[in-house]
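# What the coordinates show
The residues making up each chain are set out below.
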Amino acid sequence: MERIAAAKPSGIILREKDLNGADYESLARKMMEICRKYGVDCILHTFADAAYRLDSHAIHLPLSVLREKAGRLHGFDVVGASVHSFCEAVEAEKLGASYITAGHIFATSCKKNSPPRGLLFLKEVCQSVKIPVYAIGGITPCNAIEAVRMGARGVCVMSGLMQCEDPAAYMDAFRRPAD
């Protein structure tokens, strides 16, 4: 994770759904320190109580958790939500999300048994809300520009970045202008 933070992504969402709250908080404390070292935003995921204790300014929530906590997320400058339909995008915005991730856009090994929602889905989501939308799922340096052309503010990358040999070179591939 330090090599990824050193590559200077816009932010890192720390999603660890297999950890309990205490273990997540311990990991989050370490990750926030790494992110501060490199000047990268660290966005905690799901565990709002841990985020409060760690004085985090940003939280990303599954829509179901945002529904439960809506109106009680005071203290967060940034509240993100994951959505899988344009109706969910509209709901997340109404519940106070300041940005959303929409996916999965392209085929990905993380969702082997689920067909991608595609670029038209992404365009529909982007047109349905006023808050920034970030595309997620199967994003590569080769297809990221397609997501942006559909209206996405940017993209989220997981597997490709976690599995690459050189996170800095991988991130640079996203930053190069498309031909």
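Residues numbered from 1 in each chain as written. Predicted model: local features only at pLDDT ≥ 70, side-chain atom pairs only at ≥ 80, totals over all residues. Heavy atoms only, no water.

Right, let's talk about the overall build of the chain for a bit. Of regular secondary structure, the chain possesses nine helices and seven strands. Here the chain has roughly 9,900 Å² of accessible surface; of this, 51% comes from carbon and sulfur atoms. Looking at charge distribution, the chain has the averaged site of its 22 positive side-chain charges lying 2 Å from that of its 20 negative ones. (Helix = DSSP H or I, 4+ residues; strand = E, 2+ residues; numbered from the N terminus. Areas by Shrake-Rupley, 256 points an atom, 1.4 Å probe, with all protein chains shown as cover. Lys, Arg positive; Asp, Glu negative; His and termini not counted. Charge placed at Lys NZ, Arg CZ, Asp CG, Glu CD.)

Let's shift gears to the pairing of strand E6 (residues 133–136). What you see with E6 is a clean split: Val-133 and Ala-135 sit on the buried side and Tyr-134 and Ile-136 on the side with no burial. Across four bridges, the pairing between strand E5 (residues 99–103) and E6 is parallel. Note on E6: the bridge partner recorded for Ile-100 is Val-133. Once you follow E6 into helix H7 (residues 144–149) and on to strand E7 (residues 154–156), the crossover reads as right-handed. (Buried < 20%, exposed > 50% of the residue type's maximum accessible area, 1.4 Å probe, protein only. Pairing = 2+ DSSP bridges. Right-handed = clockwise from strand over helix to strand, strands pointing away.)

Time to look at a nonpolar patch on the surface. A cluster of nonpolar side chains, namely Met-1, Met-158 and Met-162, defines an oily patch on the protein surface of about 300 Å² accessible area. Relative to the elements of secondary structure, Met-158 occurs in the loop between E7 and helix H8 (159–163). Assessed through its relative accessible area of 43%, Met-158 is described here as partly exposed. (Patch = residues over 30% accessible without salt bridge, like charges linked within 9 Å, V, L, I, M, F, W, Y side chains within 5 Å. Salt bridge = Lys/Arg side-chain N within 4 Å of Asp/Glu carboxyl O.)

Take the sheet that holds E5 next. In space, the seven strands of this open sheet follow the order E1-E2-E3-E4-E5-E6-E7, with parallel pairing throughout. Edge positions in the sheet fall to strand E1 (11–14) and E7, since each of these pairs with one other strand and no more. Within this sheet the neighbouring strands show an average axis-to-axis angle of 30 degrees, counted without direction. For E1 and strand E2 (residues 41–45), the ladder comprises four bridges, and the chain directions are parallel. Pairing of Leu-14 across the sheet is with Leu-44, part of E2. Those strands touched by helix H2 (residues 21–38) are E1 and E2, and its axis lies near 165 degrees from that of E2. Along the sheet face, helix H6 (residues 118–128) touches E5 and E6 and points at about 160 degrees away from the line of E5. (Axes fitted to C-alpha atoms, helices over the stretch in contact; angles between N-to-C directions. Contact = heavy atoms within 4.5 Å.)

We now examine the packing of aromatic side chains. A full pass over the atoms with the stated rule returns four aromatic pairs. Here the aromatic rings of Tyr-170 and Phe-174 are separated by 5.3 Å at their centres, their planes lie at 75 degrees, and the arrangement is edge-to-face. Within this pair, Tyr-170 and its partner Phe-174 are both found in helix H9 (residues 167–175), separated by four residues, close to a single helical turn. Cation over ring: Arg-117 sits above Phe-121, and NZ or CZ is 5.9 Å from the ring centre. (Phe/Tyr/Trp six-rings, centres within 6.5 Å; stacked < 30°, edge-to-face > 60°. Lys NZ or Arg CZ within 6 Å of the ring centre and 35° of its normal.)

Our next topic: the pairing of strand E4 (residues 78–83). Summarising burial for E4: five of the six residues are buried, a large majority. Here five bridges tie strand E3 (residues 58–62) to E4, and the two strands are oriented parallel to one another. Paired with Ile-59 across the bridge in E4 is Val-79. Where the polypeptide runs from E3 across helix H4 (residues 63–69) and back to E4, its parallel neighbour, the crossover connection is right-handed. Strand direction decides the pairing type here: E4 and E5, joined by four bridges, are parallel. Following the sheet pairing, Ser-82 is matched in E5 by Thr-101.

These figures capture arrangement, not role.
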